[in-house]
Amino acid sequence: MAGGPQPPPVRRRGRGGPDGPTATNPAPAPEAAPHAPPAHPAPSLTLPDAAGSPGLRSRPGRPFPGGPADAPYGPAAPPGGGLLDMLKVAIAILDTAGRVVLWSPAAEELLGWPSELLVGRRIEELIPDQEQVGRIRAAIQDTLRNGRWAGHAELFDRDGLPVAVDARISLLVDGDGTPFLQANLAEAFAVRAVERDLAVRDALFEQSPLGIAIMDTDLRYTAVNQTLAEMNGVAPEDHVGRTTGETLPERAADEVTAIQRQVLATGEPVIDVTLASPVTARSGYRSISYSRMTDRSGRVLGISGTVMDVTERYRAVAKVEHARRRLSLLNEFGSRVGDLLDASRIAQELASSVVPRLTDHSAVILLQAVAHGDDLPRHGHDRRTSLLQLGTASVQDGPEVEVMLRRGARITFAEDSACGRVLRTGVPELISGADQLDDVTYPGDPKMEAAHDLGVHSLLVVPLRARGIVIGLLLVSRAGYREGFDRDDLAFTVELADRAGSSLDNARLYARERTAALTLQRTLLPQQVPQPTGVEVAYRYVPGSSGTEVGGDWFDVIPLPGDRTALVVGDVMGHGLRAAATMGRLRTAVRVLAALDLPPDVLLRHVHELADDLAQGPDEALLATCVYAVYDPGTSKLIVAKAGHIPPVLVVPGEGADGPTRTGGPLPGGRGRILDLPSGAPLGVGGVPFESVELKIPEGSLLALCTDGLVESRDKDLDVGLGRLVTVLQEPYASIQAACEAVLDTMEQGREPDDVALLLARLGHGQAGTLTAGWTLPAEPTAVSRARRLVRATLAEWGVEQLTDTAELLVSELVTNAVRYASAPIGVRLTLGEALLVEISDPLPDPPRERHAAEADEGGRGLELVRRLALRWGARAEGMGKVVWFEQALPDGEEDRP
């Protein structure tokens, strides 16, 4: 080129594709003359007012300006590159005449023109458009005058495609004073990307409402925004070069520094960690997040962090959590007392549930009527109102706590005290300050003096209400450094007390109903249990342990003629007052029918026939089980029948026993077994006949009758309970009463909460010294005279001749009737005890019927004579036949005969 030296060709990788010049494949010298224009379009430099023009096209890989926001701005920087690799600046040096003096490799890469084709040439020679040439000259002149020029330009690359660039032209002067022009060209798309990133940085860093910090690997601030500076109360310039520990208070900085070190060491980000704000200009709560920063090569540069003021959010969440805990406390208390029907236990649960979550000390004070299940007083409360402290709880122990919170203590108060006012009005009160504690009950109260010693400074007196009536008080207090109660605490405590008041009133009503039911049931059970001849009886009745309702279990001991005894145990299905009333009717029916001296199976059949009349209601059928046993000590016979009831247990004395005592004395134990009886259907069911079983009982045997509540359990079979009962009764005991207690002690805790009726009877042969004589006579007319002679002789031998005439007459009438109607042997038996008992038996089952004879009748007056002359008389079935009996009172002075 003319006017300047020719620079050597630059051997660099070209942009022309596989055939372009490379470092190993130098570009060949151009075939055209040095000053001839190239064969392809020359580069064009256009200087518009705005970047871009309607006909602008980009090189491959470069989007047009104004394209999609997410479009790439130029080629991606090579891995491991920095900012200069992403934003490449092309440099060209021009002389004042517009000749290219230097064309940098970046310019070659940007426009595709190698330096050997451009260096030494004038720009005008390469630009055919004269208008563009004029703009270039104007820019050069402006630079020569002002020293610099800046603007947007459009250049055409070697392929003829337009390239948008940002251009900066500066005036340079070498050592000889020769001026040159330096043109810096950068691809507009990359510049826009950098500008956008800077704008985003400014928006996020300077304009962000979040506090942002950039820290180096020594965890020293390199930059912070104004928001974080205001949060920390330290100017931004005072952060730079300092650590968190040097800018924040020590206690607050320690936790933050530990998080920063963890993030820097592990690279694991920490997100949204809530911490209390340091004591600075803006206190409260902060959410901090930190992440590690690395460059494109993976080198750790430091960490970045964001800090957000979450005081309002934290307080809102804390408020919600506070409400959730309060609701949880309400639900927990409801579940703890939901199935309780005891006022004392509910009071204790209420006191325990609020300590320590709500208070440090608590006391539940109830009206005595609530505690005992009585009716609530109709008049207002005053200082004479009887109050009991039934529930207490505290976070500590000690003598002061014992004085203030003694369970079961009787509470007194002055009428103008806080307790008196709350009892009268039902309006809760908040006591703030230890100086007001004397106003809680009465001046000088030891309980309040103990509260002073414990440091109580805040107290709530809340009424326990039920149906608008104050039934007690809930007192909760805080001590020491704990924050005092506020209105929210008072409102919550009132809600808790209202729930407790409903439960307490339910417990009071239940206690009243249960007391009424138990009273009814106990009045329907035997008030006095006799001790008949030859039988020693012990019994126990235990109401249901579930705390709900009484049951329909009952037992009875019924003396029968002839020193015989009926033993009865039954169970009406169901619970409550109606079951108890049905049990009373059923027991009365059994006693009435027992007076007729009916066999056990016949008696149960008659009771079953009365089932509809004995039922609890017209829509409810009677369903009851029963076992009925009759013991005759004279014959040692036991006749038993049952209607769906659990079988009795019989314990026979062992062979080594020293002779069982008839009444009193120890039980020797023995061999027990469950009596195998026909089950029979429960009363009211029908369909299964009742059958009696007759047993010969050894003297001193123990008979046990009980209801299923004694032997049943939820998880074990009935046979297990019966086997346990047999095992217990086989042991020796000091008395039959001790045996009863031992049986009750074996009841399992997991058994069904049902009533228990237990009846034990030691069966003997009558009282010691009882005289008995008996004969069997043929059914012939001579049997009458023989019976009179035997009776006369026996009574004379026993020393009761005063009874002879009446006894002979009545025996004669009864034996005559037996001879007349029976065809089998006739039995005569005399027993001298508290009265003279005469029994005439025959095989004819039909009972005798008393006739009213006319004056002209020769017969029919035998039973009338018996009725008039005997103390008592009657008839009973025995075996296939019957027994007609009568009793005579002993003469005066003979009742104490042995």
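Read on for an overview of the structure.

Quick notes on the rules
- Residues numbered from 1 in each chain as written.
- Predicted model: local features only at pLDDT ≥ 70, side-chain atom pairs only at ≥ 80, totals over all residues.
- Heavy atoms only, no water.
- 1 Å grid on protein atoms, 1.4 Å probe; cavity = no way out; pocket = protein on both sides within 12 Å on 5 of 7 lines; lining within 4 Å.
- Points joined across faces, edges and corners; volume = space filled by probe spheres on them.
- Helix = DSSP H or I, 4+ residues; strand = E, 2+ residues; numbered from the N terminus.
- Axes fitted to C-alpha atoms, helices over the stretch in contact; angles between N-to-C directions.
- Parallel < 35°, antiparallel > 145°, perpendicular 65-115°, else oblique.
- Left-handed = near helix turned anticlockwise from the far one by under 90°.
- Contact = heavy atoms within 4.5 Å.
- Patch = residues over 30% accessible without salt bridge, like charges linked within 9 Å, V, L, I, M, F, W, Y side chains within 5 Å.
- Areas by Shrake-Rupley, 256 points an atom, 1.4 Å probe, with all protein chains shown as cover.
- Salt bridge = Lys/Arg side-chain N within 4 Å of Asp/Glu carboxyl O.
- Buried < 20%, exposed > 50% of the residue type's maximum accessible area, 1.4 Å probe, protein only.
- Phe/Tyr/Trp six-rings, centres within 6.5 Å; stacked < 30°, edge-to-face > 60°.
- Lys NZ or Arg CZ within 6 Å of the ring centre and 35° of its normal.
- Pairing = 2+ DSSP bridges.
- Core = buried A, V, L, I, M, F, W, Y, C linked by side-chain atoms within 4.5 Å.
- Nonpolar A, V, L, I, M, F, W, Y, C, P; charged D, E, K, R; others polar.

Turning to empty space enclosed by the protein, a few remarks are in order. Tallying each qualifying case throughout the model produces three cavities of 30 Å³ or more. Along the wall of the second largest cavity there are 15 residues; nearest its centre are A363, M404, L405, M448 and L475. At the level of elements, β12 (361–367), α16 (446–453) and β17 (469–479) are the ones that each hand at least two residues to the lining of the second largest cavity.

The contact between helix α23 (residues 782–798) and helix α24 (residues 804–821) brings their axes to 9 Å, and the two run at 150°. Classified by the angle their axes make, α23 and α24 are roughly antiparallel. For the pair α23 and α24, the sense of crossing is right-handed. Contacts between α23 and α24 involve A783, V784, A787, R788, V791, R792 and L795 from the first element and T804, A807, E808, V811, S812, V815, T816 and V819 from the second.

On the surface, M573, L623 and V685 cluster together to form a nonpolar patch covering roughly 230 Å² of accessible area. Residue position: V685 is located in the loop between β24 (670–674) and β25 (693–696). Overall, V685 belongs to the partly exposed group, its relative accessible area being 48%.

Time to look at the packing of aromatic side chains. Counted under the stated rule, the structure contains two aromatic pairs. With a centroid separation of 3.7 Å and 25° between ring planes, the pair formed by Y285 and Y314 is classed as stacked. Within this pair, whereas Y285 is found in strand β10 (residues 285–294), its partner Y314 is found in helix α11 (residues 311–337), the two being separated by 29 residues in sequence. The ring of F492 carries the charged tip of R326 above its face, separated from the ring centre by 4.6 Å.

Between V355 and the following residue, P356, the backbone shows a cis peptide bond with an omega angle of 5°. Residue position: P356 is located in the loop between α12 (343–353) and β12. Even without being a glycine, D272 presents a positive backbone phi close to 55°. Tracing the backbone through its elements, the reader meets D272 in strand β9 (residues 270–276).

Time to look at the pairing of strand β7 (residues 211–215). Taking burial as the measure, the five residues of β7 include four buried ones, the bulk of the element. As judged from the five bridges shared by β7 and strand β11 (residues 300–309), these two strands associate in the antiparallel manner. When the sheet's bridge partners are listed, A213 is paired in β11 with G305. Pairing of β7 with strand β8 (residues 221–224) involves three bridges; the strand directions are antiparallel. In the strand pairing of β8, M215 is matched with Y221.

Core analysis: the biggest nonpolar cluster contains 63 residues, and L366 and L464 have the highest contact counts within it. A total of eight residues in this core trace back to one element, the largest contributor, which is helix α17 (residues 487–524). Dropping the residues within four chain positions of it, L366 is found in contact with A343, A347, S386, L387, L388, L390, L464, I471, G472 and L504.

Taken together, five strands build an open sheet; the order of strands is β8-β7-β11-β10-β9 and the sheet is antiparallel. Each of the sheet's edge strands pairs with one partner strand only, and the pair in question is β8 and β9. On average, each strand axis in the sheet is tilted by 25° relative to the strand beside it, whichever way the strands run. Pairing analysis gives five bridges linking β9 to β10, with the strands arranged antiparallel. Among the inter-strand pairings, V270 is bridged to a residue of β10, identified as Y290. Across the sheet, helix α10 (residues 250–266) is in contact with β7, β9, β10 and β11; its angle to β10 comes to roughly 25°.

The next thing to look at is the packing of α11 against α17. At a minimum axis distance of 11 Å, the contact between α11 and α17 shows a crossing angle of 15°. In terms of axis orientation, α11 runs roughly parallel to α17. In this structure, α11 meets α17 at a crossing whose hand is right-handed. Here R326, L329, L330, N331, F333 and V337 of α11 lie close against α17, whose contacting residues are D488, D489, F492, E495, L496, R499, A500 and S503. For the contact of α11 with α17, the class distribution of residues is seven nonpolar, two polar and five charged.

The analysis is restricted to geometry; functional conclusions fall outside its scope.
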